[in-house]
Amino acid sequence: MRAEALSTREAEGEIRVFAQYERDFVEEADVVVVGSGPSGSVVTYELAKAGHRVLLVEEGPPFTPKDFRIDGNVSMARTMREGGLRSTTGTFMPVMQAICLGGASLINSAMCVRPPKFVFDDWSTRFDLERTTRGDLDPHYDAVGEFLGIAPTPDAVQGRRNMLFREGCDALGYSSEPVPRNVQGCRGSGECFTGCRPRAKQSMDISYIPEAMKLGARVLTSLQVQRVLGTRRRVWGVEGQVVEPFTGRASHAFRINARLVVLAAGCMATPVLLQRSGDLANESRQVGQNLQFHPGCAVAGVFPDEVDPLFGATQSYHSLDFLREGFKLETMWSSPAALAVRTPGMGADLLRHLGELPRTVIWDAIGSTHRSVGSVRARSEGLDPVIRWSLNEDDAKLMLRAVHVLTEIFFAAGAEKVMPGVHGLPEEITSTLGAQAIGDHPIRPRDLVMASSHVFCTTRMHGDAAKGVVDEIGRCHGFDNLFIADTGIFPRCPSVNPMYTVMALAHRQAQAIREQI
Amino acid sequence: MFILVALIVLLAFAFVRLRVGYPVPDRPLVILTRAEAAFLAAAAATFFPALDEDGRAASKVLRPGEAVDLPGYMDDYLGQLPKRQRFQIRALLMLFEQSSVVFPARGLGAFKRFSSMSPAQQRHVMHAWAESRLYLRRVAFIALKALLVLGYLGDDTNLRALGLAPWEIESPVIETDLIYPSIGARPEQIAFTLEDLAAPGVDARSAPPLRGVEERT
Ligand SMILES: Cc1cc2nc3c(=O)[nH]c(=O)nc-3n(C[C@H](O)[C@H](O)[C@H](O)COP(=O)(O)OP(=O)(O)OC[C@H]3O[C@@H](n4cnc5c(N)ncnc54)[C@H](O)[C@@H]3O)c2cc1C
Ligand code: SF4
């Protein structure tokens, strides 16, 4: 249940932006939360609700609609780390992390999916996590779902390109369903990745964070935490510098003294922060290790008639039919220019393909590539990570199988040709017979063109302190007052989109912290 | 002595190859050099040509690359990137411009800079990168193509021609607009008041889907 409007009551909370910092400063709080993405925002709200003095620190600025840019390139340069050009070494793969109030919830497509029971069964048995079954987490999912109004996307805003996916799945007997999303009154503008101008998406900056402020939480933006202050057993705060939006230029220094620290800086940033803080909480040697992704492969299909691709929620139909096999299929849309990047050909050929964009639909597959494990470590300076990761050969076969299934769904939905986007395969496949070639293709990991925005496991949960960084409630092993809340604590990739799960885990963590302090 | 002369000759060659003979760009550029701008213009003409290989119009709908100010677009875009990424992209442009030193084109002038090659040679060079057996060459090609396509379609005329220009959407004023200033501003500069929040008709959350062509035209 949300409180009355911010401006109509005496809010104890506040938000500070870059222009307001005029000198070095020190602050005090019961709890400091580093990072305002889905995990940090839920913890902040829940602890503020329990009456604690919470300070939420975020490196990025708050974005208003005036700050959004429709051009995908420019939008990424403004809202994402390393200008949206971050990538892995090993197998090259662009990976996206946000830098803004609300974290990636500002620019994600709002898909909220609970992993099936078998995912948690696997987590609990492999990683000694007895209290992390689906049944244990369901009440936390329910609480977050109710707060954000998570509900399946209605047909009225699906648009043709999402409905075609349903038709294709129906024709082949695969299950499919409308995606539950954290939106209120989505208008189907398909621009979730560049910021929701209709203000329908309940990203953290307009949902949990203002509600936390009404309960007294203070939100300091444009602060880059550079060190967690502590010894080998206890922490007492964080310190860092004020940074200007976009340029990252440092202005003033700050320190925040707190009884308890929650790191929610994201799966790439939290391990780097720990490494930069004297290798804190790393007795297990697992900090920065075990990195996993859900790599995504996009496949394009061209239909005989225009599909009015601008209309329809960004990603609002999916199939969970292949989760056990290791992949999930979903619809997708982005700015036309960003989608055109994967258009094959050059010269007149490329122009012909671009001319087909109004008839083109893009769907994608994300893979649970458990066998492909990497690491994150701090560069010689700064907080940007070096990300090592290589796609395992069996996982490459898994991704190719997903591309094959998507191709079949396209033809079943009536596509006249499909562009699988895999090096070594024909650029265009024009029949189901041609699609069979995909199944027989001797794939190599480097033939796939992938991207990923789902990142996990760099500070993984494990019941055994020697094998993981945090325990079941996200508390660092060996510490009373240092917690991690972001997707780094997932012990394995969750097989479905991670935001809902990281919020449910954060909800549970906040309950545990409340009991502790 | 011989080493010194060889070094001077090498430096002179590098200077000429990297700097000399590039045209002045159509508009003043803040970040890109003349060489980088010339490469982008040439690459735009290769990827988005006016004519196909048989001399017919390459597209009836889309403008040719030469008519799109790709160097200008890229100059603005680079200005928004952090330093390291800006450097990486500029290095990528120069890698392609100078690559014939290592991967020559076909025919006469095979070692020319990319921007000075004939259109057929330019096509050949790009195909060689796209289809290379070397993974890193293919990755570099994908990155370059992504930049070029984004810049080419960053031109609204092309998106409009495809019927894919972004919609005009008026954002409703919500409560956080009363407390978050736009980036770079101070809270005192927020122009919205409670009345804006309450004004009837501005709350698009209850507005209908943006369905249909009528709304866009
Ligand atoms: C483009 C995109 C689309 C996606 N779509 C979906 C989707 O539809 N559904 C879904 O379930 N998932 C989606 N995801 C993934 C999902 O958004 C993330 O898994 C989720 O946001 C992770 O939450 P988090 O709190 O762990 O971290 P983040 O959201 O990454 O937030 C971390 C925050 O910490 C801040 N921070 C980092 N370092 C510091 C520092 N040193 N000091 C201060 N602050 C710092 C960052 O600026 C950031 O705001 C998408 C992600 C992206 C990028
Ligand atoms: S599809 Fe459009 S209206 Fe709906 S949540 Fe995404 S950006 Fe907002």
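Up top you'll find the structure we're talking about.
Note that the structure is predicted; figures quoted are calculated from it, not measured.

Peer 1: Account for the overall build of chain A, naming residues and giving values.
Peer 2: Helix and strand content of chain A: 12 helices and 21 strands. For chain A, the C-alpha radius of gyration of 22 Å lies close to 24 Å, the compact-globule estimate for 517 residues. Considering chain A as a whole, with its 517 residues, one finds that 65% of them fall into the buried category. Taking as baseline every contact in chain A between residues at least 6 positions apart, the subset at least 24 positions apart corresponds to 75%.

Peer 1: I'd love a proper account of the sheet that holds strand 6 (residues 177-178) of chain A, names of residues and values included.
Peer 2: All names here are of chain A. Taken together, the 6 strands give an open sheet; going across it, the order is 6-14-15-16-13-19, and neighbouring strands pair in antiparallel fashion. Each edge of the open sheet carries a strand with a single partner, namely strand 6 and strand 19 (417-419). Where strand 6 lies against strand 14 (residues 317-319), 2 bridges are found, and the strand directions are antiparallel. Looking at strand 14, one finds that Pro178 is bridged to Tyr317. Each of strand 14, strand 15 (327-332) and strand 16 (360-367) is contacted by helix 5 (residues 159-172), which is oriented at about 25 degrees to strand 14, the strand it contacts most. Together, strand 13 (296-302), strand 15, strand 16 and strand 19 form the strand contacts of helix 10 (residues 393-412), whose direction differs from that of strand 16 by roughly 150 degrees.

Peer 1: Tell me about the side chain of Arg492 of chain A, residues and numbers included.
Peer 2: Residues and elements named next belong to chain A. If you trace the backbone, Arg492 turns up in the loop between strand 21 (482-484) and helix 12 (499-516). Among the polar contacts made by the side chain of Arg492, one reaches the side chain of Asp122 at a distance of 2.8 Å. For Arg492, the side chain forms a polar contact with the side chain of His370, separated by 3.4 Å. Once residues within four sequence positions are removed from consideration, Arg492 is found in contact with Asp122, Trp123, Arg126, Phe127, Gln292, His370 and Cys457.

Peer 1: Lay out the site of ligand 1 with the relevant residues and their values.
Peer 2: All names here are of chain A. Surrounding ligand 1, one finds 36 residues, the nearest of these being Ser39, Glu58, Arg81, Met111 and Met499. At 3.5 Å from an oxygen atom of ligand 1 is found a main-chain nitrogen or oxygen belonging to Pro38. For ligand 1, an oxygen atom lies 3.2 Å from a polar atom in the backbone of Thr487. Protein coverage of the free-state accessible area of ligand 1, which is 1,000 Å², stands at 96%. Per-element tally for the shell around ligand 1: the top contributor is strand 9 (residues 223-230), with 3 residues. Of the residues belonging to the shell around ligand 1, the class tally is 19 nonpolar, 13 polar and 4 charged.

Peer 1: Mind laying out helix 4 (residues 134-148) of chain A, listing which residues take part and the relevant values?
Peer 2: Residue and element names in this part refer to chain A. Helix length check: helix 4, at 15 residues, gives a terminal C-alpha distance of 20 Å against a target of 21 Å (1.5 Å per residue), a fit within 8%. Of all the residues in helix 4, the buried ones are Leu137, His140, Tyr141, Val144, Gly145, Phe147 and Leu148. Buried residues along helix 4 sit against helix 1 (38-49), helix 3 (117-126), helix 6 (208-214) and helix 12. Where helix 4 terminates, the next one or two residues include Gly149, which has phi positive at roughly 70 degrees.

Peer 1: Before we move on, can you summarise the site of ligand 2 with the specific residues and values?
Peer 2: Taken together, 14 residues sit near ligand 2, with Cys186, Ser189, Gly190, Cys192 and Cys196 of chain A positioned nearest. Taken together, the residues of the shell around ligand 2 break down into 6 nonpolar, 4 polar and 4 charged.

Peer 1: Before we move on, can you summarise the interface of chain B and chain A with the specific residues and values?
Peer 2: The interface of chain B with chain A comprises 69 residues on the first partner and 78 residues on the second. When chain B packs against chain A, close to 6,200 Å² is buried across both sides, 65% of that on carbon and sulfur atoms. In this assembly, chain B and chain A are joined by 6 salt bridges. We note a salt bridge from Arg138 of chain B to Asp447 of chain A, for which the minimum N-O separation is 3.7 Å. For the pair chain B and chain A, the interface holds 18 residue pairs in polar contact (both at pLDDT 80 or more). Of all the secondary structure elements, the ones that give two or more residues to the side of chain B that touches chain A are helix 2 (34-47), helix 3 (70-79), helix 4 (83-98), helix 5 (119-130), helix 6 (135-153) and helix 9 (213-216) of chain B. A total of 11 residues in the side of chain B that touches chain A trace back to one element, the largest contributor, which is helix 6 of chain B. Considering only residue class, the side of chain B that touches chain A consists of 43 nonpolar, 13 polar and 13 charged.

Peer 1: Explain the pattern of salt bridges residue by residue, including any values.
Peer 2: Throughout the structure, instances matching the rule amount to 53 salt bridges over all chains. With a closest N to O distance of 3.2 Å, Arg84 of chain B and Asp384 of chain A form a salt bridge. One end of the pair, Arg84 of chain B, is in helix 4; the other, Asp384 of chain A, is in the loop between strand 17 (375-378) and strand 18 (385-389), on a second chain. The structure contains a network of salt bridges with shared partners spanning Asp349, Arg352, Glu356, Lys417 and Glu428 of chain A.

Peer 1: Please give an account of the side chain of Ser99 of chain B that cites residues and values.
Peer 2: All names here are of chain B. On the secondary structure map, Ser99 appears in the loop between helix 4 and helix 5. Residue Ser99 is classed as buried on the basis of its relative accessible area, which comes to 7%. A distance of 3.3 Å separates a polar side-chain atom of Ser99 from the backbone oxygen of Phe96. Sequence-distant contacts of Ser99, defined by excluding residues within four places in its chain, comprise Val125 and Trp129.

Peer 1: Describe in detail the environment of Val17 of chain A, supporting the description with residues and values.
Peer 2: In this fold, Val17 of chain A is placed in the loop between strand 1 (14-16) and strand 2 (25-34). Measuring from C-alpha to C-alpha, the distance between Val17 of chain A and Val219 of chain A comes to 8.9 Å, with 202 residues separating the pair along the chain. Filtering out sequence-adjacent residues up to four positions away, Val17 of chain A remains in contact with Pro62 and Thr221 of chain A together with Pro181, Ala185 and Pro187 of chain B.

Peer 1: Tell me about the packing of helix 2 of chain B against helix 5 of chain B, and please be specific about residues and values.
Peer 2: Residue and element names in this part refer to chain B. Viewed as axis vectors pointing N to C, helix 2 and helix 5 meet at an angle of 85 degrees, and their least axial separation amounts to 10 Å. With respect to each other, helix 2 and helix 5 are oriented roughly perpendicular. Residues Phe39, Ala42, Thr46 and Phe47 of helix 2 pack against Gln122, Arg123 and Met126 of helix 5. In the contact of helix 2 with helix 5, the residues fall into 4 nonpolar, 2 polar and 1 charged.

Peer 1: Kindly report on the pairing of strand 15 of chain A, identifying the contributing residues and their values.
Peer 2: All names here are of chain A. Burial analysis of strand 15 places 6 of its 6 residues in the buried class, the great majority of the element. Where burial is concerned, the two faces of strand 15 agree: the one with Phe327, Leu329 and Thr331 and the one with Lys328, Glu330 and Met332 are both buried. With 2 bridges connecting them, strand 14 and strand 15 associate as antiparallel partners. Counterpart to Ser319 in the pairing with strand 15 is Leu329. Bridge analysis of strand 15 against strand 16 gives 6 bridges, and the strand direction is antiparallel. By the bridge assignment for strand 16, Thr331 is matched with Trp363.

What counts and how
Numbering of residues starts from 1 in every chain and runs along the sequence as written. All chains are assigned letters beginning with A, and all ligands numbers beginning with 1, in the order in which they are written. Residue-level local features of this predicted model are given only where pLDDT is at least 70; pairs of side-chain atoms are given and counted only at 80 or more, and the full residue set underlies all totals for whole chains, interfaces and linings. As a convention, hydrogens and water are excluded, and side-chain values are obtained from all of the structure's heavy atoms. Secondary structure counts use DSSP, requiring at least four H or I residues in a row for a helix and at least two E residues in a row for a strand, with both numbered from the N terminus. For the radius of gyration, the atom set is restricted to C-alpha positions; the globular benchmark scales as 2.2 Å times the number of residues to the power 0.38. Burial status follows relative accessibility: with a 1.4 Å probe on protein chains alone, a residue under 20% of its type maximum counts as buried, one over 50% as exposed, and anything between as partly exposed. Contacts were defined at the residue level, with two residues in contact if any of their heavy atoms lie within 4.5 Å. When DSSP finds two or more bridges between a pair of strands, those strands are recorded as paired. Between the N-to-C directions of two axes lies an angle of 0 to 180 degrees, each axis being a line fitted to C-alpha atoms and, for a helix, fitted only over the stretch in contact. In the analysis that follows, any N or O atom pair within 3.5 Å is treated as a polar contact, provided that within protein one partner can donate a hydrogen and the other can accept it, and provided that, for residues neighboring in sequence, both atoms belong to side chains. A molecule or strand has a residue near it when one of that residue's heavy atoms lies within 4 Å. Each accessible area is a Shrake-Rupley result for a 1.4 Å probe, and residues are judged covered by the shown protein chains and nothing else. Each residue is assigned to one of three groups, with Ala, Val, Leu, Ile, Met, Phe, Trp, Tyr, Cys and Pro labelled nonpolar, Asp, Glu, Lys and Arg labelled charged, and all others, Gly among them, labelled polar. A helix's residues, less one, multiplied by 1.5 Å, set its expected span. In this description, buried area is defined as the sum, over both parts, of the accessible area (probe of 1.4 Å) that is lost when the two are combined. By salt bridge we mean one thing: a side-chain nitrogen of Lys or Arg within 4 Å of a carboxyl oxygen of Asp or Glu. Orientation is classified from the angle alone, with under 35 degrees giving roughly parallel, over 145 giving roughly antiparallel, 65 to 115 giving roughly perpendicular, and any other angle giving oblique.

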